[in-house]
Amino acid sequence: LDHIVLPKIQTQGVRCPSLPASSMSGKQDIQKTDRISRATDKLRSNSKTVDILLLSLLKLKEHPEKERLRTVPLNNKVVKEHLESVPGAFELLYTIGYLPMHGHLVLQDYSKNATLISQAIDALEKQRQTSSYTADKTEHERKQSELDDVIKRKGEDERRRAQFAAKLAAEPAEGAAQTTVLAFHIGSEKVVRRFRTDETLTDVLNFLRSLPCAPKGFSLTDITTYPPQPLDLEHLQGRCTIESLKLWPSGHVRVDDSVCA
């Protein structure tokens with residue numbers, strides 16, 4: 001398979017799958033053309049496997065002289081996940097001439113098996129026209145689209161947090177004058193940071209918005225003393241310093257998800 005980087009061939013410690021019983025018994029009751037049809041029929045609900053085999057065989061047919069296209073490494077993750085574990089995949093490869101050899105499946109003589117390989121390509125292309133293949137392909141594309149969206153949102157969230165982090169002044173050194181230590185309680189997590197006492201509530205908000213564990217929308221409650229005192233973010237931020245909020249020389253603030261509140 002041309003898109004798979006081949007490891008060095010090892011002769012020890014690698015277990016090759018056994019040949020199908022029909023291949024070992026020498027019985028010729030079922031013609032190889034029928035075996036190809038039966039093997040590809042088993043693959044119709046595994047669109048990824050059909051696509052991998054079809055693309056690989058098309059490239060093999062175009063460049064049969066390339067050894068890497070005639071070799072399947074059995075320890076490869078893609079091979080294990082989409083070929084070895086899928087009924088019909090190895091059966092098809094065995095039928096068209098691949099043989100287990102030193103931790104690989106190897107096609108030694110392309111010309112001898114060229115007709116069978118062409119038949120396999122035709123059979124795989126036929127499976128692409130089935131409703132089972134189409135349904136599985138659609139489901140894979142849906143899941144991939146959802147995964148892409150998650151990755152995209154994660155990247156956007158990381159950029160957003162970095163923008164807030166860039167607005168922060170450097171954290172004061174431990175024991176520096178006119179500083180306070182604030183502990184933020186976010187769900188089951190506790191995050192501690194030092195601030196200058198003349199920094200404002202806006203600086204506190206920028207810090208919280210730079211944290212992966214903080215909700216996008218939140219409310220703050222001063223729980224340093226009892227009873228807890230909600231902080232009015234709309235009216236206080238930008239105007240009140242940490243000192244004026246009496247969050248020094250230390251303080252405890254609970255961060256709640258305002259959406260779930």
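Residues numbered from 1 in each chain as written. Predicted model: local features only at pLDDT ≥ 70, side-chain atom pairs only at ≥ 80, totals over all residues. Heavy atoms only, no water.

Draft legend 1. Local environment of the confidence of the model for the chain. Scored by pLDDT, the chain has a mean of 87; 87% of the residues are at 70 or more. Model confidence for the chain, summarised as mean pLDDT per element, is weakest for helix 1 (residues 21-25) at 47 and strongest for strand 4 (residues 179-186) at 97. A low-confidence stretch, residues 4-11 stays under pLDDT 50, and its non-local contacts, those more than four residues away or across chains, total 15 contacts. With pLDDT under 50 throughout, residues 22-29 is counted as low confidence; its partners more than four residues away or in other chains account for six contacts. (pLDDT = per-residue confidence, 0-100. Helix = DSSP H or I, 4+ residues; strand = E, 2+ residues; numbered from the N terminus. Contact = heavy atoms within 4.5 Å.)

Draft legend 2. Expanded view of the pairing of strand 8 (residues 250-257). Note that strand 4 and strand 8 share six bridges and pair parallel. Note that in strand 8 the partner of leucine 182 across the bridge is glycine 251. Strand direction decides the pairing type here: strand 6 (residues 218-222) and strand 8, joined by five bridges, are antiparallel. Bridge pairing in strand 8 links leucine 220 to valine 255. (Pairing = 2+ DSSP bridges.)

Draft legend 3. Structural view of unusual backbone geometry. Between tyrosine 226 and proline 227 the backbone carries a cis peptide bond, its omega angle lying at 0°. Along the polypeptide, proline 227 turns up in the loop between strand 6 and strand 7 (229-231). Here the residue pair tryptophan 248 and proline 249 is connected by a cis peptide bond, since its omega of 0° sits within 30 degrees of zero. Within the secondary structure layout, proline 249 lies in the loop between helix 9 (233-236) and strand 8. In this structure, histidine 102 is a non-glycine residue whose phi angle is positive, near 55°. Tracing the backbone shows histidine 102 in the loop between strand 2 (99-101) and strand 3 (104-106).

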